[in-house]
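So you can see what is in the structure, the chains are spelled out below.
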Amino acid sequence: EVQLQASGGGLVQAGGSLRLSCTASGFTFDDYRIGWFRQAPGKEREEVSCIRRHDGITYYRDSVKGRFTISRANAKNTVYLQMDSLKPEDTAVYYCAADVDDTSALHWCSEFHMDYWGKGTQVTVSS
């Protein structure tokens, strides 16, 4: 059974940092992508960052470039999202998701490619 678990959310002041973790289990695939998505109250869900397992290629939405860093831990089943210089607009529920069957998608960080989703973790940034 494939399971994803996101953790690390919390309350932080603007300018502060948080590190989110996504731990996956039950994978039997050699090629997959992990994505971070977020949804603020009353707004559409949007992609934040994604990473490809096999080569480490990353994607960031423009609004988080230079502030967020996605990475793979030494443990193969864990992906981090280091969030620095947080802004109130980053406040949202953050979800991690996995794409296990789209090996050459053009827009590979799209939520529509994701096959498995974990429960979200709340990130709140106070002004």
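Here, the structure is the one placed above.
So, here is what we can say about the structure in this document. (Residues numbered from 1 in each chain as written. Predicted model: local features only at pLDDT ≥ 70, side-chain atom pairs only at ≥ 80, totals over all residues. Heavy atoms only, no water.)

**Description of the state of the cysteines**
Next, step 1: Throughout the structure, instances matching the rule amount to two disulfides.
Next, step 2: Here cysteine 22 connects covalently by a disulfide to cysteine 96, the sulfurs 2.3 Å from one another. Residues cysteine 22 and cysteine 96 share a disulfide whose torsion about the S-S bond is about 70 degrees; that sign makes it right-handed. Here cysteine 96 lies in strand β9 (residues 92-99) and cysteine 22 lies in strand β3 (residues 18-25), a separation of 74 residues in the sequence. You'll find cysteine 22 and cysteine 96 in the same group, each marked buried.
Next, step 3: Look at the chain and number its bonded cysteines as they come in the sequence; the links are 1-3, 2-4. (Disulfide = S-S within 2.5 Å. Helix = DSSP H or I, 4+ residues; strand = E, 2+ residues; numbered from the N terminus. Buried < 20%, exposed > 50% of the residue type's maximum accessible area, 1.4 Å probe, protein only.)

**Considering the environment of glutamate 44**
Next, step 1: Topologically, glutamate 44 is positioned in the loop between β4 (33-39) and β5 (46-52).
Next, step 2: The exposure class of glutamate 44 is exposed, given its relative accessible area of 70%.
Next, step 3: Between the alpha carbons of glutamate 44 and serine 63 there is a distance of 15 Å; along the sequence they are 19 residues apart.
Next, step 4: Those residues in contact with glutamate 44, other than ones at most four positions away along the chain, are Arg38 and Gln39. (Contact = heavy atoms within 4.5 Å.)

**Some details on the sheet that holds strand β8 (residues 78-83)**
Next, step 1: Reading across from one edge, β1-β3-β8-β7 is the order of the four strands in this open sheet, with antiparallel pairing throughout. Where the open sheet ends on each side, the last strands, each with one partner, are β1 (3-7) and β7 (68-72). Strand-to-strand twist in this sheet, taken as the mean axis angle between neighbours without regard to direction, amounts to 15 degrees.
Next, step 2: Note that β3 and β8 share six bridges and pair antiparallel. Within the sheet, the bridge partner assigned to leucine 18 lies in β8 and is methionine 83. (Pairing = 2+ DSSP bridges. Axes fitted to C-alpha atoms, helices over the stretch in contact; angles between N-to-C directions.)

**What to know about unusual backbone geometry**
Next, step 1: Notably, serine 85 is not glycine yet its phi reads approximately 50 degrees, a positive angle.
Next, step 2: Structurally, the position occupied by serine 85 is in the loop between β8 and β9.

**Description of the pairing of β8**
Next, step 1: In terms of burial, β8 is a largely internal element, five of the six residues being buried.
Next, step 2: One ladder, built from five bridges, connects β7 with β8; its direction is antiparallel. Bridge pairing in β8 places threonine 69 opposite glutamine 82.

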